[in-house]
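Fold and geometry: a report
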Amino acid sequence: MRGGRTRRVGAAGDFPGRESSRPRKRCTTVTIGPSGRVRVRVRDEEQRLAEAELGAELGERATLVQFSSAFCAPCRATRRVLGEVAGMVPGVRHVEIDAEARLDLVRRLGVLRTPTMLVLDAGGRVVLRAAGQPRKADVIAALGEAV
């Protein structure tokens with residue numbers, strides 16, 4: 001967001017000559033910049049992650065998935081925040097994935113930077129996506145959509 005402008009990102013059916021016959025699903029993407037500004041993007045597609053893809057069990061109510069890398073300082077703070085939230089809210093798990101080791105998953109999900117957090121519902125559906133270091137209050141609010 002530069003100069004207060006937002007850019008709408010649409011699904012294939014939103015562009016002339018590119019119609020899609022599949023039903024459209026909504027996924028919200030939140031990007032938190034270094035200045036603390038939040039960008040929200042809604043995508044009309046459904047993505048699911050299974051336990052086998054994560055390498056860990058899904059939470060009973062929700063799962064916080066974090067993509068991180070070894071030399072990422074904000075990733076350490078994000079790990080702490082997500083771990084605290086997962087410990088506070090019953091039925092919520094925190095799963096950390098090394099982005100360098102799981103490039104297949106990174107490419108499939110379109111993870112462009114670390115830390116990136118996905119909030120999954122109990123069935124593994126991606127409900128919310130955030131890039132950047134989140135605040136604890138933002139993570140708790142994001143869980144409201146998944147639970």
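Let us look at the structure shown here. (Residues numbered from 1 in each chain as written. Predicted model: local features only at pLDDT ≥ 70, side-chain atom pairs only at ≥ 80, totals over all residues. Heavy atoms only, no water.)

1. Regarding the nonpolar core
Grouped together as the largest cluster of nonpolar side chains are 17 residues, with contacts concentrated most on Leu64, Val85, Val92, Met117, Val119, Val139 and Leu143. Among the secondary structure elements, those contributing two or more residues to this core are β3 (62–68), α2 (73–88), β5 (116–121), β6 (126–131) and α4 (136–146). What methionine 117 contacts, discounting residues up to four positions off in sequence, is Leu64, Val65, Leu82, Leu128, Arg129, Ala130 and Val139. Listed in part, the 15 residues of the second largest apolar core include Phe67, Val106, Leu118 and Leu120. (Core = buried A, V, L, I, M, F, W, Y, C linked by side-chain atoms within 4.5 Å. Buried < 20%, exposed > 50% of the residue type's maximum accessible area, 1.4 Å probe, protein only. Helix = DSSP H or I, 4+ residues; strand = E, 2+ residues; numbered from the N terminus. Contact = heavy atoms within 4.5 Å.)

2. Observations concerning the pattern of salt bridges
Counting across every chain of the model gives seven salt bridges. Glutamate 53 serves as the salt-bridge partner of arginine 108, at 2.7 Å between the closest nitrogen and oxygen. A residue pair is termed long-range when its members are at least 10 positions apart, and arginine 108 in helix α3 (residues 103–109) and glutamate 53 in helix α1 (residues 51–54) qualify at 55 residues. Here arginine 108 falls in the partly exposed class, since its relative accessible area comes to 41%. We classify glutamate 53 as partly exposed; its relative accessible area is 25%. Measuring nitrogen to oxygen at the nearest pair gives 3.4 Å for the salt bridge that ties glutamate 84 to arginine 80. (Salt bridge = Lys/Arg side-chain N within 4 Å of Asp/Glu carboxyl O.)

3. Considering the state of the cysteines
The full count for this structure, using the stated rule, is one disulfide. Each disulfide pairs two cysteine sulfurs, and for cysteine 72 the partner residue is cysteine 75, the sulfurs being separated by 2.3 Å. What sets the handedness of the cysteine 72 and cysteine 75 disulfide is the S-S torsion sign, and at about 85 degrees it is right-handed. As far as the burial class goes, cysteine 72 and cysteine 75 line up, both buried. (Disulfide = S-S within 2.5 Å.)

No statement about biological role is implied by the geometric values presented.
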